[in-house]
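# Coordinates in review
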Amino acid sequence: MDETALPAPRRRLEPLCAKIGLNAIRAVVDDFYGRVQEHPRLAEPFSVVGDWDLHRERLVHYWWTVMGGLPYREFRYALGERHAHLGLTGTLVEDWLDLFHQTLRDHLDPEPASRWHRLAMGIGESLRLMFSSREGES
Ligand code: HEM
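The paragraphs below set out a description of the structure included in this document. (Residues numbered from 1 in each chain as written. Predicted model: local features only at pLDDT ≥ 70, side-chain atom pairs only at ≥ 80, totals over all residues.)

Moving on to the overall build of the protein. Helix and strand counts for the protein come out as six helices and zero strands. Seen in sequence order, the protein has helices and strands lined up from the N terminus as α-α-α-α-α-α. Residues counted as buried form 14% of the 138 residues belonging to the protein. Summarising the internal contacts of the protein: among those between residues at least 6 apart in sequence, 77% fall at separations of at least 24. (Helix = DSSP H or I, 4+ residues; strand = E, 2+ residues; numbered from the N terminus. Buried ≥ 20, exposed ≤ 12 C-beta atoms within 10 Å, placed from the backbone. Contact = placed C-beta atoms within 7 Å.)

See below:
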């Protein structure tokens, strides 16, 4: 059979997990939480984290699955509950997203960086809406 006569395979959207890969996700997460611990406003709310290795491991797995990767750990997430008592404000969410965006730009090409940033912005917006009653308290 003459294969040149076959129609070209249809291009499918590459899932972000495949495009970025686990190693780069790990590098971004490691670097980001290093920066968080040195940030003038974010370091304080993050002082509740007792086991940073576990936190980073959970976050690597979290992003991998949010990007369409199959779960490889038994982690369960409870974002509302975990963020409920941190005193989140719109400013803190913005700080988090800005720092995350900068970290993404330092590690990745613009296109995957902006796709990942959009995912984070969506989650950040949900967190902001959940805790918007706290706005202006800080
Ligand atoms: C804006 C986008 C944000 C995203 C996508 C995000 C994502 C996450 C995720 C997935 C977890 C793990 C939750 C779980 O284990 O069930 C987590 C935990 C945590 N986040 Fe966020 N977060 C965001 C913003 C923030 C902000 C603005 C703060 C504080 C200033 C914050 C502080 C924390 C802390 C301290 C934990 C650990 C809680 C614990 O271990 O009890 N996050 N975050």
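So that's the structure; there's more coming.
All right, on to the site of the ligand then. Among the 24 residues in the neighbourhood of the ligand, the closest are listed as P45, Y77, W96, I123 and G124. Taken together, the elements giving at least two residues each to the shell around the ligand come down to α3 (52–66), α4 (79–84), α5 (90–107) and α6 (110–130). For the shell around the ligand, the residue count by class is 19 nonpolar, three polar and two charged. (Near = placed C-beta within 6 Å. Nonpolar A, V, L, I, M, F, W, Y, C, P; charged D, E, K, R; others polar.)

On to the environment of W63. Following the sequence through the fold, W63 ends up in helix α3. Exposure remark for W63: the 21 C-beta atoms within 10 Å place this residue in the buried category. Each C-alpha atom, one on W63 and one on L22, is 9.3 Å from the other, the two residues being 41 residues apart in sequence. Those residues in contact with W63, other than ones at most four positions away along the chain, are I25 and V29.

What is shown is where atoms sit, not what they do.
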